[in-house]
Amino acid sequence: MKEIKAFIHRNRISDVVHELKQTGYKYISVVDVLGLLKALDSQEQQYSVEIGDKVVAEVKLELVCDNEKLNQAIEIIVENARTGQKTAGWIYVTDIERTIMIDGS
């Protein structure tokens, strides 16, 4: 199994998640983060006192999938996260050593 972490502009995340769900992917998490992607416009930026620089509100998408579905998931993310900029985000892929289901009973 693989874990995908993708850092995406906030205005693109709904299209990415919708397409992933339509294609049958589960185990998707979406987390708001501040990052250093190039802002699409000045309204997207804010100044971070902690970092001492301008930051952009981004979204980190986390997805776990079978090895066979990895390339398809990456293609969906790339196609739906595009912004028209040279760099619209980043995707990282790591191996999942083990999964354990938490019993809800």
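Just so you know, these numbers come straight off a predicted model, no measurement behind them. (Residues numbered from 1 in each chain as written. Predicted model: local features only at pLDDT ≥ 70, side-chain atom pairs only at ≥ 80, totals over all residues. Heavy atoms only, no water.)

Draft legend 1. Here's a closer look at the side chain of Glu 62. In this structure, Glu 62 sits in strand 4 (residues 53-65). On the accessibility criterion, Glu 62 (19% relative accessible area) is buried. Within polar-contact distance, the side chain of Glu 62 engages the side chain of Lys 60 at 3.0 Å. Residues contacting Glu 62, with those up to four places away along its chain left out, are Glu 3, Ile 4, Lys 5, Tyr 27, Ile 28 and Ser 29. (Helix = DSSP H or I, 4+ residues; strand = E, 2+ residues; numbered from the N terminus. Buried < 20%, exposed > 50% of the residue type's maximum accessible area, 1.4 Å probe, protein only. Polar contact = N/O pair within 3.5 Å; in protein donor to acceptor, adjacent residues only side chain to side chain. Contact = heavy atoms within 4.5 Å.)

Draft legend 2. Structural view of the packing of helix 1 (residues 13-22) against helix 2 (residues 70-81). Viewed as axis vectors pointing N to C, helix 1 and helix 2 meet at an angle of 150°, and their least axial separation amounts to 8 Å. Classified by chirality, the crossing of helix 2 by helix 1 is right-handed. Listed contacts from helix 2 to Asp 15, Val 16, Glu 19 and Leu 20 of helix 1 are Ala 73, Ile 76, Ile 77, Asn 80 and Ala 81. A class-by-class count of the residues in the contact of helix 1 with helix 2 yields 6 nonpolar, 1 polar and 2 charged. (Axes fitted to C-alpha atoms, helices over the stretch in contact; angles between N-to-C directions. Left-handed = near helix turned anticlockwise from the far one by under 90°. Nonpolar A, V, L, I, M, F, W, Y, C, P; charged D, E, K, R; others polar.)

Draft legend 3. Fine view of helix 1. Three or more residues of helix 1 are buried, namely Ile 13, Val 16, Val 17 and Leu 20. Angularly, the buried residues of helix 1 cover 90° about the axis, an arc narrow enough to put them on a single face. Positive backbone phi, approximately 100°, marks Gly 24, located one or two places after helix 1. (Arc of directions from axis to C-beta.)

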